[in-house]
Amino acid sequence: KYVNNDPDVSYSSLRSSSKSMNSGTVQVYKGGKWGYVCENGWDLIDANVVCREIGFTRGAASSKIKNGTLLESQKTNASILLNDLHCSGTENTLHDCPYSLLNDCSHDQTASVECSEDIPNFTVELVGGDDKSEGIVEVVINKERYRVCDDNWNDKDAAVICRMMGYR
C-alpha cells in the first residue's frame, strides 16, 4: 500500500558527512521526529525533487560513501521514515511523493543525494573598443551586465573569450 500527500511529512533536509551543504543523506521530518529515507526505489527523479525542495536546481542519487567515510546515518541506528518513494518529478516536496507503508529497510540503506545548480545561460560581449573584436569583457545574464575582473588576466583567458565569441 502506498501513501500520497502525507500531511505528517513536513520538511526535508540533507545531513552531510562533509562540510559541503549540497550532499548527504536525505532526512525528513515526519510525525514530530527526524528520520531518513530508504534507498529502495531511490532514483534521479526523487533526488531532483528533494534538491529543489531545499533550494537547489537539480540533484543526483549518490553513493553513501564520501571520501571513504560512512555517512552519519550509517553509523547509528537511524529511523527510516519513508521507503520506496515514487516521485513523478513534478512534485515540489517529498511530502507530495507516494511512498510505501512497508518498511523493509535497515539503517545502512539510507538514500543520499548530491545537489547542484544549473549554470545560467549567458553571453560574452566586448564594450568600449574601436570595434566589436576588442574592448572590456562583459558577461550578460538575463539582460544584466557584469564586468569581468582583470586580476590575473592573461592571454589564455583572452583566448577563451575570443573562442566563445567565434574568433579563432
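Residues numbered from 1 in each chain as written. Predicted model: local features only at pLDDT ≥ 70, side-chain atom pairs only at ≥ 80, totals over all residues. Heavy atoms only, no water.

- Looking at an unreviewed UniProt entry, one finds the chain named SRCR domain-containing protein, with Candidula unifasciata as its source organism.

## Focus: the nonpolar core
Logical step 1: Val26, Val37, Trp42, Val50, Leu85, Leu94 and Val113 are the most contacted members of the largest nonpolar core, which totals 18 residues.
Logical step 2: Elements supplying a minimum of two residues to this core: strand 3 (23-30), helix 1 (44-53), strand 8 (80-82) and strand 10 (112-116).
Logical step 3: Counting residues per element, this core draws most heavily on helix 1, at 4 residues.
Logical step 4: Once residues lying within four places of it in the same chain are set aside, the contact partners of Val37 are Val26, Val28, Trp42, Leu82, Leu85, Leu94, Gln109, Thr110 and Ala111. (Core = buried A, V, L, I, M, F, W, Y, C linked by side-chain atoms within 4.5 Å. Buried < 20%, exposed > 50% of the residue type's maximum accessible area, 1.4 Å probe, protein only. Helix = DSSP H or I, 4+ residues; strand = E, 2+ residues; numbered from the N terminus. Contact = heavy atoms within 4.5 Å.)

## Quick word on a nonpolar patch on the surface
Logical step 1: A cluster of nonpolar side chains, Phe122, Val160 and Met164, forms an exposed patch at the surface whose accessible area comes to about 260 Å².
Logical step 2: Tracing the backbone shows Phe122 in the loop between strand 10 and strand 11 (123-128).
Logical step 3: Since its relative accessible area comes to 38%, Phe122 is described here as partly exposed. (Patch = residues over 30% accessible without salt bridge, like charges linked within 9 Å, V, L, I, M, F, W, Y side chains within 5 Å. Areas by Shrake-Rupley, 256 points an atom, 1.4 Å probe, with all protein chains shown as cover. Salt bridge = Lys/Arg side-chain N within 4 Å of Asp/Glu carboxyl O.)

## So, the environment of Thr57
Logical step 1: Positionally, Thr57 belongs in the loop between helix 1 and strand 5 (58-61).
Logical step 2: Overall, the relative accessible area of 30% leaves Thr57 in the partly exposed class.
Logical step 3: Put simply, Thr57 and Asp118 are 61 residues apart on the chain and 6.2 Å apart in space, counted from C-alpha to C-alpha.
Logical step 4: Apart from the residues lying within four places of it in its own chain, the contact partners of Thr57 are Arg52, Ser116, Glu117 and Asp118.

## A closer look at the confidence of the model for the chain
Logical step 1: Of all residues in the chain, 77% attain a pLDDT of 70 or more, and the chain-wide mean is 78.
Logical step 2: The least confident element of the chain is strand 7 (residues 69-70), whose mean pLDDT is 42; the most confident is strand 11, at 92.
Logical step 3: Predicted confidence for residues 65-70 stays below pLDDT 50, and this span has 9 contacts to residues more than four positions away or in other chains. (pLDDT = per-residue confidence, 0-100.)

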